[in-house]
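# Examination of the molecular architecture
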Amino acid sequence: MDEKMSIMIVDDEMIVRESLYHWFKKYGHVVETASSGHEALEKLEKLPFEVLFVDIKMPVMNGIELLGKVKEEYPDTIVIIITAYGSIDTAVKAMKTGASDYLLKPFEPDQLSLMLEKIASQRRLASEYQYMKGQLEAITRFDNIIGESPSMQAMFDLIPEIAQSDSSVLITGETGTGKELVAKAIHARSPRSNGPFVAINCGAIPDTLLESELFGHQKGAFTGAVHARKGFLEVVTGGTLFLDEIGEISPKMQIDLLRVLEDKKVTRIGDRQPIDVDFRLICATRRDLEKDAAAGTFREDFFYRINVIAFHVAPLRKRKGDIPLLVDHFLNKYSHETTKQVDHVRRDAMELLKRYDWPGNVRELENAIERAVVLSRSRTLGIDDFSFLRPSRTQLSGPRSLQEMEKDHIEQTLEECDWNVTGAAKILGINRVTLHKMIKRYNLQRPQEQVPGMP
Amino acid sequence: MVPFGEVPEVALKVIAAHVLGYFNLDAGILPRLKSPAYAFDVNRHQYNAATILKDLGSMPSHDYVKVIGLLDVDLFVPILTHVFGEAKLGGKCAVISLHRLKTDSDGSKASESLILERAAKVALHELGHLFDLVHCMDRRCLMHFSGGLQELDETPLYFCRYCSKSLEDKLHRHGIDV
């Protein structure tokens, strides 16, 4: 047989376990046995099995119960129920619970052989499905940015359009939302993609050093300037300059950069000769620069210069539908990097991840998955593996009235649905008109966000 | 080889000749044993092959590398309705039975030469398992699984190229050159 499978036989009768064990071994399969449902679940936690042959009649946890648990935790596992004559009704119930097939004991040798061939063809279909899923995933991924929520799809549509123009872009969004990835995606799709992409975190570099980094200096311009050095504004010619945390730069630096953007010339520190530069500027910030500009803490002229195209990256709590996709991606990434066989997140754990607010956004989610994978002792991540997550806003507050809870829940659901009332009403299990009335009653309002596009 | 009950001498000799021809192994014939009444299952009216195998394993094997028990009773293993023969992968002993080989695919009595040919096929197949060969997907190979007589008759009396090579390696590991 050219397709080797990993099979587990679950039966309380040793004689059946042994018979099937030796039978499957003769096909060259990897075979394991378990004498109870609990033992089977323990073994499944440690190692993946493609096919389970489960006896329907077992003490403590019967075959149907085990089937239910396996299908809930490991839906891809093929389960074949073994039953005796006279328990056809139970076999039908098993099929409804998700069993792939059933065998009536004792079976014809041919029957078992055909069953194996059938399973092999099911596996082929499953791997084809996985391949197709991978292809589909490529549609929901964009240069390592992952998401299928409406806000992400809108972003994927917008990136190629923005990439074609040469105007400055201001990317706003909370920390950890992947602003740099968006900047890289814009650069990669722009006519400047062959040029360099230089990223500088303005918040991490002291102002004086940032000046020298950006503008470069002549030999002897200041103490320690033993060699002439090109600044990043020069180096980046032909490419894209990404200035992260632009809200942190000093007013003087804002003026200097504004001049560069207007004149397309740069003068090294200690030099008088301006040098022509040609780059596209993409800035990012987690602050509300419009407000800062109105308050006078950020130069208004500089703000308008860098904010030609505004682009907002939604925080993770507003696109919770993307969490399973991201979890899968990071799980895959870290199980490969750490060579630990962790390939599954239990439903209750996934619910926790979806409930959590993720103040640190995708970066925090990535760290959480990495930590859970590294510390996990089984192939499945459970709720205990994420006990380190800080309790969310709503969990922190003390006892509250039912009305407050209702208000919070409606608001949260609306946020998750990007304020799509029909979608939120569907999740809440009420009709649209009722939801509209509740929005009015609780005076809920959609937060004002910057919408991608021209300001 | 160990004959049980009334199995004919000629069947033992034919199997021994095939074992010599295909495996280059001398097959001796040990003293005849009684029909294994201890393995009879009153509910199924069949003989449990696993029980006979266990019993065979506990007997002295007189320095033989592998032991094949030949019977003329209906064999079963607990999960299956019947088996023509039974052996554990890489094990020491195998059992095969002439019982189900005596009828033709259409239910009529098979000729003696056909019964012997079938017995040789089952014996070589089970011996293959004893030398670690697994079932083969190729229908034109002795290691292909045959659940019924028709399939067994369609199976040729030779191993496919892959199984031949694999068998050669396994025998070599046992210090036997084919």
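Below or above, wherever it landed, is the structure these notes cover. (Residues numbered from 1 in each chain as written. Chains lettered and ligands numbered in written order. Predicted model: local features only at pLDDT ≥ 70, side-chain atom pairs only at ≥ 80, totals over all residues.)

## Quick notes on the overall build of chain B
Within chain B, the regular secondary structure consists of five helices and seven strands. Element order for chain B, N to C, with α for helix and β for strand: β-α-β-β-α-β-β-β-β-α-α-α. Scored against the burial criterion, the 178 residues of chain B give a buried share of 44%. Summarising the internal contacts of chain B: among those between residues at least 6 apart in sequence, 61% fall at separations of at least 24. (Helix = DSSP H or I, 4+ residues; strand = E, 2+ residues; numbered from the N terminus. Buried ≥ 20, exposed ≤ 12 C-beta atoms within 10 Å, placed from the backbone. Contact = placed C-beta atoms within 7 Å.)

## Some details on the overall build of chain A
Secondary structure assignment for chain A yields 19 helices and 18 strands. For chain A, the proportion of its 455 residues judged to be buried stands at 34%.

## Brief notes about unusual backbone geometry
Residues and elements named next belong to chain A. Here the residue pair lysine 105 and proline 106 is connected by a cis peptide bond, since its omega of -15° sits within 30 degrees of zero. Mapped onto the fold, proline 106 is located in the loop between strand 5 (101-105) and helix 5 (109-140). Notably, glutamate 245 is not glycine yet its phi reads approximately 55°, a positive angle. Tracing the backbone through its elements, the reader meets glutamate 245 in the loop between strand 12 (240-244) and helix 10 (251-263). You will see that tryptophan 358, though not glycine, has its phi angle at about 50°, which is positive. Relative to the assigned elements, tryptophan 358 resides in the loop between helix 14 (347-355) and helix 15 (361-375).

## Quick word on the sheet that holds strand 2 (residues 40-41) of chain B
Residues and elements named next belong to chain B. The three strands lie next to each other as 2-3-5, forming an open sheet whose pairing is mixed. Both edges of this open sheet fall to strand 2 and strand 5 (75-76), since each of them pairs with a single strand only. Across two bridges, strand 3 (residues 46-48) lies against strand 5 in parallel orientation. Its bridge partner lying in strand 5, asparagine 48 is registered against phenylalanine 76. (Pairing = 2+ DSSP bridges.)

## Here's the deal with the pairing of strand 2 (residues 30-34) of chain A
Strand residues, when the strand is regular, have side chains that alternate between the two faces of the sheet. All names here are of chain A. Of the pairings in the sheet, the one linking strand 1 (residues 6-10) to strand 2 comprises five bridges and is parallel in character. Paired with isoleucine 7 across the two strands is valine 31, which belongs to strand 2. You can see the chain leave strand 1, run along helix 1 (residues 14-25) and come back into strand 2, and the turn it takes is right-handed. (Right-handed = clockwise from strand over helix to strand, strands pointing away.)

## Some points on the sheet that holds strand 4 (residues 78-84) of chain A
Residue and element names in this part refer to chain A. The strand order 2-1-3-4-5 describes an open sheet built from five strands, whose pairing is parallel. Looking along the sheet, the strands with just one partner apiece sit at the ends: strand 2 and strand 5. The sheet shows a mean angle of 20° between the axes of neighbouring strands, taken without regard to direction. Relative to strand 4, strand 3 (residues 51-55) is paired through five bridges, and the arrangement is parallel. By the bridge assignment, leucine 52 is partnered in strand 4 with valine 79. (Axes fitted to C-alpha atoms, helices over the stretch in contact; angles between N-to-C directions.)

## Considering the interface of chain B and chain A
On the side of chain A, 18 residues touch chain B, which itself brings 16 residues to the contact. Here the residues of the side of chain B that touches chain A sort into 10 nonpolar, five polar and one charged. (Nonpolar A, V, L, I, M, F, W, Y, C, P; charged D, E, K, R; others polar.)

## Details of the packing of helix 13 (residues 323-337) of chain A against helix 14 of chain A
When two helices pack together, their arrangement is given by the angle between the helix axes and the distance between those axes. Residue and element names in this part refer to chain A. At a minimum axis separation of 10 Å, helix 13 and helix 14 run at an interaxial angle of 115°. As helix 13 packs across helix 14, the resulting crossing turns out to be right-handed. Residue-level contacts link Ile323, Pro324 and Val327 of helix 13 to Met350, Leu353 and Lys354 of helix 14. Looking at the contact of helix 13 with helix 14 residue by residue, the class counts come to five nonpolar, no polar and one charged. (Left-handed = near helix turned anticlockwise from the far one by under 90°.)

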